[in-house]
Amino acid sequence: MIKNYLKIAWRNIIRQKGYSGINIIGLAIGIAACVLILQYVSYELSYENFQTNKDRIYRVRQDRYDNGKLSTQWVSGAYAVGNSFKDAIPEIEDYVKLVGNDQVIAEVNNQPVQIKKVFFASGSFFRIFSYPLIAGDKNKALTEPFTAALSETTARILYGTTNPVGKRLRLNRNSDYTITAVYKDAPANTQLRPDILLSYATFVKFVGPDNNPETAWLWDGCLTYLLLRKGADPAVVEKKFIPVVEKFTAADMKKFNAAVSYTLQPLTDIHLYSHYMTEPAANGDGKTVYLLLGIAFFIVIIAWVNYINLATARAVSRAKEVGIRKTVGSQRRQLIIQFLSESALLNGFALILAILIVVIAIPGFNQLSGQHLSFSLFGKTNFWAGLSALFVIGVFFSGLYPAFVLSGFKPIDVLKGTMTATSKGSLLRKGLVVFQFTASLFLLIGTLTVYQQIQYMRKQSLGINIDQTLVVRAPTVVTDSTYLQNMSALKDNLNQQTSVKGVTISTSIPGESVGWNAGAIKLVGADETTQKQYRVIGMDYDYMKLYGIKLIAGRGFSKDFGDDEHSVVFNAKGFDQLGLNKPEDAVGKKIDFWGQQYTIIGVTENFHQQSLRETFEPLIFRLIPDIRGYLSVKTPAVNASQTIAQVKASWDKFFPGNSFEYFFLDDHFNDQYKADQRFGQVFGLFTSLAILVACLGLFGLASFTTVQRTKEIGIRKVLGASVFRILKLLYQEFAILLVIAFAIAVPLAWFTVTNWLQGYAFRIDIHWSYFVLPFLTIVVIALLTVSFQSIKAAIANPVKSLRTE
């Protein structure tokens, strides 16, 4: 019986090649697009899923309040948090501390090797996180000072196939570590992917006996992760933080009229929903992920709607077939199965074509989206489960309604020739077309808004000159006694080169967050309640000049003044926090800065330290002549490779053994927009596919509609109707549906894009053209789509039209 159903279904598909082709191509594109997006979304949602304890691991976020107002939120908080909370709260089973460290230079056989991702980690790291050990004991690794654990790749680079456990590793030419473990490389879907872990006990040794991190509540910079006991309620644990924090911080915070609070972040939420200061890695965006998920379902639903529209539009033409089948004894159930068989066969062909499209599209999609999908996904159970689900849902969603409509015809009406299209069927088709137009308009408005926001961010003046700036990361291997001498000599050497226009050193550069956070800063003599949080950039004399930072009051740092080491410059946002009337009033005032007094000598304009997602931050510029940090070199617009070679030669001369790691600052700054650009490209691509699928269905629907009205068109022409009036008649129905779709899409799109733009501190204003242009675009596309059949029918010979049955 099933074989017979499929045979008949195949004959119907072959008989209606155009109709079948439109359906198969539309469904294939819809399924392929949906599969690709679902793989992207699945990857983004899979972060930390490999962790055995993922549901019990929480990161502690620290929030600072000044005068009752939230001033700072960062994830690298106080060092004493982990041990203090563990001792006081029984629901906490264990904790781990992580402190980020600069890259290090390892020496193996007297050869330097650069290692970039470095953390100090406490001894519980391998007990809490699921990084399987290849060698070593997870309970003993990282428990003693000057011990280290290597990732599998790092161990292979340094020691080849030899087991390094027990060997000594020299880092930065001044510290020897005993290797106690080798762990498997972390997967890509995690925030923590260390190349080497140094024991936290080593960090304690480095800071010295007078600065015990275990009791430090006023230092920040420590990532703390808690492992809660099974069944523990994180909300209850958070409430128990309050008395602990008050016990250890109340006295100090009261002096500053400040307060701190601590919040638990579920490990699995961090990647998509955590965008705070001192994140150890760039995170994704939950809004973006779920918006793309919506697009995926939009596209495949549009393809299913095409099938429903075309199947119901052809209902009258298949009525005689149904009438004869019922007359010879077919039951309605059998007819429903027959039509569902057709749906299954069409969806099956579409599924095969969709798989081929996915195979072809994977490399391009990876390049466009920045993902790392590979052909290995075809070996994953969830991939085939997703495809099977799409197939089954597609068969029933697209085939069930047409099957019930077609199987419900009465044989006597059909065979008498009194069978006509029903108003209910026509209304349904119109409603589905409105849905397609609405979805297309919604996506097109979103695409245009995303594009405009990205262009706005890229073209907006930063208030700082980052062009033609070569940046070299700070030297790692250098002794304290020679650093200042060597760096001064390097700067003098570079300034003598004709290809160098300026040189400066600073703790921070544009394009990244300022890591130096300073609290409790106020004017000398001011009330304690005026204390505020600031970000501090340490710099030499040339920083402000090289970056073109404009002063609005006072002056910058200069060697002509002997005491500038005890002077500071504020930006305009920082000045606003002082509570003075105008910038000139700040010049000459003194501030309390970590137990010392500094004189304000100038105020600068605000500039964008980070992308336009972020608001201006209150900044303090502090002069530190022997500052360690980034080396920024202004270069000419030509002969970049020659300039790089000259800078490298000078670098190797004064800092031998240190890696020369450089980048151009404009590229580095624009890297902040990569995620936005990729989102815009992916959004635009799938919007185009959605419109293409909708147009395929519209073309098929227009074709059948025109065929059904062929005799009507012939009569109108005989009675004197012009081609223009006939075209107007045929276009009119679709035009009304477009207007209805526009009325529905505009408020939905406005709400969505407004909500999306809230994620940007500096954003475009939503302009009326963002709605009108997509509408006109859809109008043109729709007219072009239906014009082929409409014009053909309008200019046809009316004699032939009147002969049409």
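Values in this document were obtained by computation on a predicted structure and should not be read as measured data.

With that settled, the discussion passes to helix α3 (residues 81-88). Three- or four-residue spacings in an α-helix give side chains the same orientation, since the helix completes a turn every 3.6 residues. The complete set of buried residues in α3 reads Val81, Gly82, Asn83, Ser84 and Phe85. Next to the buried residues of α3 lie β1 (57-66), β3 (76-78), β4 (92-101), β13 (220-228), α7 (234-256) and β14 (258-266).

Right, let's get into the packing of aromatic side chains. Scanning all chains against the criterion turns up 36 aromatic pairs. Ring centres of Phe126 and Tyr183 lie 5.6 Å apart, and the angle between their planes is 50°; on these two criteria the pair is classed as tilted. Here Tyr183 lies in strand β11 (residues 175-183) and Phe126 lies in helix α4 (residues 125-128), a separation of 57 residues in the sequence. Given a relative accessible area of 0%, Tyr183 falls into the buried group. On the numbers, 6.3 Å between centres and 85° between planes, the contact of Tyr131 with Tyr183 is edge-to-face. A residue pair is termed long-range when its members are at least 10 positions apart, and Tyr131 in the loop between α4 and β8 (133-136) and Tyr183 in strand β11 qualify at 52 residues. Taken together, the aromatic side chains of Tyr79, Phe120, Phe146, Tyr177, Tyr200, Phe203, Phe206 and Trp219 make up a single cluster linked through ring pairs. The positively charged end of Arg61 is found above the aromatic ring belonging to Tyr276, 4.7 Å away from the centroid. Above the face of the Phe561 ring, Arg555 is positioned so that its terminal group lies 3.5 Å from the ring centre.

With that settled, the discussion passes to unusual backbone geometry. Peptide bonds are, in most cases, trans, and in most cases residues other than glycine have a negative phi. For Glu48, which is not glycine, the phi dihedral falls at a positive 70°. Note that Glu48 resides in the loop between α2 (17-45) and β1. The exposure class assigned to Glu48 is buried, which follows from its relative accessible area of 5%. At Gln468, a position not held by glycine, the phi torsion is positive, near 50°. Residue Gln468 is classed as partly exposed on the basis of its relative accessible area of 29%.

As a further point, take helix α5 (residues 152-159). Burial in α5 covers these residues: Thr154, Ala155, Leu158 and Tyr159. Seen along its axis, α5 keeps its buried residues to an arc of 100°; they face one direction. As for α5, its buried residues are in contact with β5 (104-108), β6 (111-115), β9 (147-151), β10 (168-171) and β11.

Quick look at the pairing of strand β16 (residues 502-506) now. Of all five residues in β16, five are buried, a share of seventy percent or more. Neither face of β16 is open: one carries Gly502, Thr504 and Ser506, the other Val503 and Ile505, and all of them are buried.

Below, the discussion takes up the nonpolar core. Judged by nonpolar contacts, the single largest core of 90 residues is most densely connected at Ile31, Tyr547, Phe621 and Phe686. The element contributing the most residues to this core is α2, with 15 residues. If near-sequence neighbours (up to four positions away) are discounted, Phe621 is found in contact with Ile537, Met539, Met544, Ile549, Phe557, Ser567, Val568, Val569, Thr604 and Phe607. Ranked by size, the runner-up nonpolar core spans 25 residues in total, among them Val99, Leu150, Val182 and Leu198.

It is at 10 Å that the axes of α3 and α7 come closest, and there the two elements cross at 120°. By the criterion of interaxial angle, the relationship of α3 to α7 is oblique. α3 and α7 meet at a crossing whose hand is right-handed. Contacts from Ser84, Phe85 and Ala88 in α3 reach Phe241, Val244, Val245 and Phe248 in α7. Of the residues belonging to the contact of α3 with α7, the class tally is six nonpolar, one polar and no charged.

Our focus in this paragraph is the environment of Leu470. Structurally, the position occupied by Leu470 is in strand β15 (residues 469-472). Residues Leu470 and Thr635, spaced 165 residues apart in sequence, show a C-alpha to C-alpha distance of 6.9 Å. Sequence-distant contacts of Leu470, defined by excluding residues within four places in its chain, comprise Leu631, Ser632, Val633, Thr635, Ile644, Val647, Tyr662, Phe663 and Phe664.

Inspection of the secondary structure puts Asp63 in strand β1. What makes Asp63 buried here is its relative accessible area of 3%. Side chain to side chain, Asp63 and Arg61 meet in a polar contact 2.8 Å long. Dropping the residues within four chain positions of it, Asp63 is found in contact with Leu70, Thr72, Gln73, Ala259, Val260, Ser261 and Thr263.

Here we come to the pattern of salt bridges. All chains considered together, the criterion is met by 19 salt bridges. The salt bridge involving Lys491 is made with Asp540; its shortest N-O contact spans 2.7 Å. Note that Lys491 is positioned in helix α15 (residues 480-495) and Asp540 in the loop between β18 (532-539) and α16 (543-546), a separation of 49 residues in sequence. One salt bridge connects Asp652 with Lys648, and the closest N-O pair in it is separated by 2.8 Å. Placement of the pair is Asp652 and Lys648 together in helix α19 (residues 640-654), with a separation of four residues, close to one helical turn. The network of salt bridges with shared partners includes Lys116, Arg473 and Glu661.

This brings us to the side chain of Gln533. Within the secondary structure, Gln533 sits in strand β18. A polar side-chain atom of Gln533 sits 3.3 Å from a polar atom in the side chain of Thr72. With residues up to four places along the chain from it excluded, the contact list for Gln533 reads Arg64, Asp66, Ser71, Thr72, Asn517, Ala518, Gly519, Ala520, Gln577 and Pro618.

This next bit is on the environment of Leu38. One can find Leu38 in helix α2. Classification of Leu38 as partly exposed rests on a relative accessible area of 25%. A C-alpha to C-alpha distance of 6.8 Å links Leu38 and Leu293, two positions 255 residues apart in sequence. Excluding anything up to four places from it in sequence, Leu38 contacts Leu293 and Phe297.

Moving on, we come to a nonpolar patch on the surface. Residues Ile25, Phe349, Ile352, Leu353 and Leu356 make up a contiguous nonpolar surface patch of about 420 Å² in total accessible area. Broken down by element, the residue count for the nonpolar patch peaks at four residues, all from helix α11 (residues 332-369). As for its position among the elements, Ile25 is in helix α2. On the basis of relative accessible area, Ile25 is assigned to the partly exposed category, the value being 41%.

How each quantity is defined
Residues numbered from 1 in each chain as written. Predicted model: local features only at pLDDT ≥ 70, side-chain atom pairs only at ≥ 80, totals over all residues. Heavy atoms only, no water. Buried < 20%, exposed > 50% of the residue type's maximum accessible area, 1.4 Å probe, protein only. Helix = DSSP H or I, 4+ residues; strand = E, 2+ residues; numbered from the N terminus. Contact = heavy atoms within 4.5 Å. Phe/Tyr/Trp six-rings, centres within 6.5 Å; stacked < 30°, edge-to-face > 60°. Lys NZ or Arg CZ within 6 Å of the ring centre and 35° of its normal. Arc of directions from axis to C-beta. Core = buried A, V, L, I, M, F, W, Y, C linked by side-chain atoms within 4.5 Å. Axes fitted to C-alpha atoms, helices over the stretch in contact; angles between N-to-C directions. Parallel < 35°, antiparallel > 145°, perpendicular 65-115°, else oblique. Left-handed = near helix turned anticlockwise from the far one by under 90°. Nonpolar A, V, L, I, M, F, W, Y, C, P; charged D, E, K, R; others polar. Polar contact = N/O pair within 3.5 Å; in protein donor to acceptor, adjacent residues only side chain to side chain. Salt bridge = Lys/Arg side-chain N within 4 Å of Asp/Glu carboxyl O. Patch = residues over 30% accessible without salt bridge, like charges linked within 9 Å, V, L, I, M, F, W, Y side chains within 5 Å. Areas by Shrake-Rupley, 256 points an atom, 1.4 Å probe, with all protein chains shown as cover.

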